[in-house]
Every structure is written in structure tokens, then in C-alpha cells.
Amino acid sequence: MLSQNKGMTVPEIKADNISLKYGDANIFMGLSFSLFEGECLIITGPSGSGKSTLLRCLNRLIVPDEGSVYFRGGDISRPEATVIRRNIVLVGQTPSVFPGTVLDNLRLPFSFAANRDLESPDFGILAESCGLKRDILDRDAAKISGGEKQRVAVARALALRPSVLLLDEPTASLDGHSKLLMEDLISALNRERKITFIIVTHDADQAKRMGNRHMHLENGVLEEII
Ligand SMILES: Nc1ncnc2c1ncn2[C@@H]1O[C@H](COP(=O)(O)OP(=O)(O)OP(=O)(O)O)[C@@H](O)[C@H]1O
């Protein structure tokens, strides 16, 4: 069972001494950190340093060789994976969309999590807060731009009402303007809904703009910068 204790003394998510190898290669060794509700952690590091792998350990897509990950005090290896993946949602580097319209892409997670149909006001609020205007909802999801797919992926994740959002390079394929829009969206969600974010980025300026914590992963070691 997950702890219901949301007091500030219990971290929203905590990595405790986690290590992972691929074959003989140590990807990271003994990583630990705690993140409280509403914090925004930025993780930087060179290509291949293990940032995506770390995110995947945090929602149990990968089980670390050693150590544990805790969500609100509960070891995430215990509850069913679906419970964890509804609370700790990962939006990957290359957002994929399912065949069908943008609306089709949002219908299932929205009805699954909110138990409501797409006519409910909550859906309108969700779509609007992700910058998805009415005219895009009926378009073929395969034919929208990379930035728009990114927004659909974030909206799909938000429909699950997660507590923790893990974003792997959420603005990598966006132009300058779209990047700032996405940053604004993330900041608003962080501020207004107290969603806890862990964001991987290569963009040092973005790291300065966005996080209230910044860690750098290199040679298997995670160092807190601010
Ligand atoms: N399934 C796998 N099996 C074996 N090695 C893997 C696997 N997935 C990733 N790796 C290796 O683990 C290392 C870390 O990969 P990861 O994708 O986590 O790095 P990253 O820091 O996110 O890189 P980038 O910034 O380029 O996205 C890399 O050397 C990669 O080749």
C-alpha cells in the first residue's frame, strides 16, 4: 500500500542508493535524492550518461540492480505497476501518438482516470491549458507537428492526474517560441497544481530558467548544483 501521508516530511519521490549496470558497464552507482511535492528538478549531463535510464527507474520501467525508489514513503516495487505509472508518469524523448485524431489520443486516458467524457468542462480545461485549441482536436494525430505532438503527450500524461511528471527532453524538437510556451505550461502546472517535475534537458539556459533544483549526472555520479 502507498502511504497517504503527504506531509512535507515525506518526500514525494525518493531515490535511495540506486545503481544500475548494462552488462559490465556501470551506468550509475549509489544515486540518492529526495524531492518534495511541487519541486522541479532539472537533470543535465552528457549524452549517454544515463539520464533517460534514471527516469525509467523512477517509474519502474526499469528495476535498478541495487537500491530502491519510494513514492510518498512507499517502495515502488511493491504496488502494482499500473498504480505507480498513474502517479509517476513519464513523457519520453520522442512523443508518440496513436492512430486516430488528437481527440482519440486524449479520450482513453481522460475517461480512464477522470471517469468522465470529453464533454465535461475538465476536458476543456485540460486541452486549453496544454495549448490544444478546438481546431487541432479533430486533426489526424499523425499529421501534427513535433511541438504539437509534444503537447498532446503532455496532455495525455496530465489526463492521468499524476503527482510526479518525468519529462525527457520535453523541448528538444521545438523552435524558440514553442520552447518558451512549453516552459510556461510546465511552470504553471508546477505552480498551480503542485505537480512535482523531474526534467531532463541538454539546455543549460533552460535549466537556469526552470528548476528550483538542478543536478548533473556524469560518470555514474549525480551531483547537486543548486
Ligand atoms: N537497453 C539497453 N541496453 C544496453 N545499454 C543501454 C540500454 N539503454 C541504454 N543503454 C546505454 O546506457 C547508457 C545511458 O543511456 P541513456 O539513454 O540513459 O543516456 P542519456 O544520458 O539519456 O543520453 P542522451 O542525452 O543522449 O539521451 C548509454 O551508453 C546507452 O547506450
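One structure accompanies this document, and this report is about it.

Rules behind the numbers
- Residues numbered from 1 in each chain as written.
- Predicted model: local features only at pLDDT ≥ 70, side-chain atom pairs only at ≥ 80, totals over all residues.
- Pairing = 2+ DSSP bridges.
- Helix = DSSP H or I, 4+ residues; strand = E, 2+ residues; numbered from the N terminus.
- Contact = placed C-beta atoms within 7 Å.
- Axes fitted to C-alpha atoms, helices over the stretch in contact; angles between N-to-C directions.

**Things to note about the sheet that holds strand S1 (residues 13-22)**
Next, step 1: The four strands lie next to each other as S2-S1-S4-S5, forming an open sheet whose pairing is antiparallel. This sheet does not close on itself; its edge strands, each paired only once, are strand S2 (25-35) and strand S5 (74-75).
Next, step 2: Of the pairings in the sheet, the one linking S1 to S2 comprises seven bridges and is antiparallel in character. Pairing of Ile-18 across the sheet is with Leu-31, part of S2.
Next, step 3: Docked against the sheet, helix H1 (residues 51-58) engages S1, S2 and strand S4 (66-71), running at close to 125° with respect to S1.

**Describing the sheet that holds strand S3 (residues 40-44)**
Next, step 1: Here we have six strands laid out as an open sheet, ordered S6-S7-S8-S3-S9-S10, and mixed in their pairing. The sheet terminates laterally at strand S6 (88-91) and strand S10 (221-224), the two strands that pair on one side only. Taken over all neighbouring pairs, the strand axes of this sheet differ in orientation by 20° on average, direction set aside.
Next, step 2: As paired elements, S6 and strand S7 (residues 164-168) share four bridges and run parallel to each other.

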